[in-house]
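Examination of the molecular architecture
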Amino acid sequence: MDNSSAGSGGFKGGLGGLFSGGSPEYSNTELSGVPLTGMSPLSPYLNVDPRYLVQDTDEFILPTGANKTRGRFELAFFTIGGSCMTGAALGALNGLRLGLTETRDMAWSKPRNVQILNMVTRQGASWANSLGSVALLYSVFGVAIEKARGAEDDINTIAAGTMTGVLFKSASGLKGAARGGLVGLALSGAYALYNNWDHITGSSSPSRLY
């Protein structure tokens, strides 16, 4: 028996050496540390090179000639709508404060509730109208200046803010228009400084909203 098994083992070894060209056999443990030179690591699930799935930079599908950032015209709708909603919320809070102050001598009753509600709706509509008008003027001036200069930078932001303040307070006379222009200049200048703060400090720049 031993001779037959040894003979069969020698016969198998001879056939293995014949078909394998005499190459030595290695275990999986020995092959695990061998680098695959010249071969790309393929994913066993996708059958693709995973290095192509990792991108160092953001990639967008944009129309020809379009920028990766939204322009003033696209942001105008968001600016106007957000300003109206913010003004309505702030005005409602102010109206609630005024209504509670003016009716503090009244007992809790239906007339007092109606008066407070009227004050809330009146103040909310007034504040929404004011902030919405400011946002509309700022957006119109910003788009017009951008088209006229053919460039988009912080100069447009400061100029649009200053002109918005002047026109919004123009009904109050020259002094009122001047004060409005100074307020617009200060606010737009502070916003431009905030947008460029990372450039000033040397950090990476954030996404800008004009």
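What you see is a predicted model; the values in this text were computed from it and never measured.

We now examine the environment of F141. Within the element layout of this structure, F141 appears in helix 4 (residues 110-149). Put simply, F141 and T162 are 21 residues apart on the chain and 9.7 Å apart in space, counted from C-alpha to C-alpha.

Tallied over the entire structure, the rule returns 1 salt bridge. Where R149 meets D153, a salt bridge forms, and the shortest distance between an N and an O atom there is 2.9 Å. Look at D153 and you get partly exposed, because its relative accessible area is 25%.

Let us now look at the side chain of N94. Mapping N94 onto the fold places it in helix 3 (residues 72-102). In terms of polar contacts, N94 uses its side chain to reach the side chain of R97, at 2.8 Å. Polar contacts involving the side chain of N94 include one to the side chain of Q123, which spans 3.1 Å.

Let's shift gears to a nonpolar patch on the surface. Taken together, the side chains of L90, L93, W127 and L131 define a hydrophobic patch exposed on the protein surface, amounting to about 360 Å² of accessible area. Secondary-structure elements contributing two or more residues to the nonpolar patch are helix 3 and helix 4. Tracing the chain through its elements places L90 in helix 3.

Here the focus is the packing of aromatic side chains. The description of an aromatic ring pair rests on the distance of the ring centres and on the angle between the ring planes. Evaluated as defined, the whole model comprises 1 aromatic pair. Ring centres of F73 and F77 lie 5.4 Å apart, and the angle between their planes is 85 degrees; this geometry places the pair in the edge-to-face category. Here F77 and F73 lie together in helix 3, a separation of 4 residues that amounts to about one turn.

Glancing now at the confidence of the model for the protein chain. On average, the protein chain scores 76 in pLDDT, and the residues at 70 or more come to 63%. Per-element mean pLDDT across the protein chain ranges from 47 in helix 1 (residues 2-20) up to 92 in helix 4. Low confidence marks residues 4-23, where pLDDT is under 50. Its contacts with residues over four positions away, or in another chain, come to 2 contacts. Predicted confidence for residues 34-39 stays below pLDDT 50, and this span has 0 contacts to residues more than four positions away or in other chains.

Another aspect to go through is the packing of helix 5 (residues 154-168) against helix 6 (residues 173-195). Packed helices, taken two at a time, are described by their axes: the angle between them and the distance between them. Direction vectors running N to C along helix 5 and helix 6 enclose 155 degrees, while the axes themselves pass 6 Å from each other. Here helix 5 is positioned roughly antiparallel relative to helix 6, judged by the angle of their axes. Between helix 5 and helix 6 the crossing geometry is right-handed. Side by side, helix 5 and helix 6 meet where D154, T157, I158, G161, T162, G165 and V166 of the first sit next to A177, G180, G181, G184, L185, S188, G189, Y191 and A192 of the second.

What follows is about the environment of A160. By the secondary structure assignment, A160 is in helix 5. A160 sits 21 residues away from S139 along the chain, and the two C-alpha atoms are 7.8 Å apart. Not counting residues within four places of it along the chain, the set of residues in contact with A160 comprises Y138, F141, G142 and I145.

The next thing to look at is helix 6. Its 23 residues place the ends of helix 6 33 Å apart at the C-alpha level, agreeing with the 33 Å of an ideal helix rising 1.5 Å per residue. Of all the positions in helix 6, only G176, A177, G180, G181, G184, S188, A192 and N195 are classed as buried. In this structure, the buried residues of helix 6 make contact with helix 5 and helix 7 (197-201).

What follows is about the environment of G189. Here G189 shows up in helix 6. Counting along the chain gives 30 residues from G189 to A159, while the straight-line C-alpha distance between them is 9.3 Å.

Okay, helix 3 next. For an α-helix, the turn length of 3.6 residues means that residues three or four places apart are oriented alike. An ideal rise of 1.5 Å per residue puts 45 Å on 31 residues; helix 3 measures up with 43 Å between its terminal C-alpha atoms. Of all the residues in helix 3, the buried ones are R72, L75, A76, S83, G87, G91, N94, G95 and G99. Buried positions along helix 3 lie against helix 4 and helix 5.

Turning our attention to the packing of helix 4 against helix 5. Put simply, helix 4 and helix 5 touch, their axes get as near as 8 Å, and they point 135 degrees apart. What the angle tells us is that helix 4 and helix 5 run oblique. Crossing of helix 4 over helix 5 shows right-handed handedness. Of the residues in helix 5, those touching helix 4 at S130, S133, V134, L137, Y138, F141, G142, I145, E146 and R149 are I155, N156, T157, A159, A160, G161, M163, T164, L167 and F168. For the contact of helix 4 with helix 5, the per-class residue count stands at 11 nonpolar, 7 polar and 2 charged.

Calculation rules
- Residues numbered from 1 in each chain as written.
- Predicted model: local features only at pLDDT ≥ 70, side-chain atom pairs only at ≥ 80, totals over all residues.
- Heavy atoms only, no water.
- Helix = DSSP H or I, 4+ residues; strand = E, 2+ residues; numbered from the N terminus.
- Salt bridge = Lys/Arg side-chain N within 4 Å of Asp/Glu carboxyl O.
- Buried < 20%, exposed > 50% of the residue type's maximum accessible area, 1.4 Å probe, protein only.
- Polar contact = N/O pair within 3.5 Å; in protein donor to acceptor, adjacent residues only side chain to side chain.
- Patch = residues over 30% accessible without salt bridge, like charges linked within 9 Å, V, L, I, M, F, W, Y side chains within 5 Å.
- Areas by Shrake-Rupley, 256 points an atom, 1.4 Å probe, with all protein chains shown as cover.
- Phe/Tyr/Trp six-rings, centres within 6.5 Å; stacked < 30°, edge-to-face > 60°.
- pLDDT = per-residue confidence, 0-100.
- Contact = heavy atoms within 4.5 Å.
- Axes fitted to C-alpha atoms, helices over the stretch in contact; angles between N-to-C directions.
- Parallel < 35°, antiparallel > 145°, perpendicular 65-115°, else oblique.
- Left-handed = near helix turned anticlockwise from the far one by under 90°.
- Expected span 1.5 Å × (residues − 1).
- Nonpolar A, V, L, I, M, F, W, Y, C, P; charged D, E, K, R; others polar.

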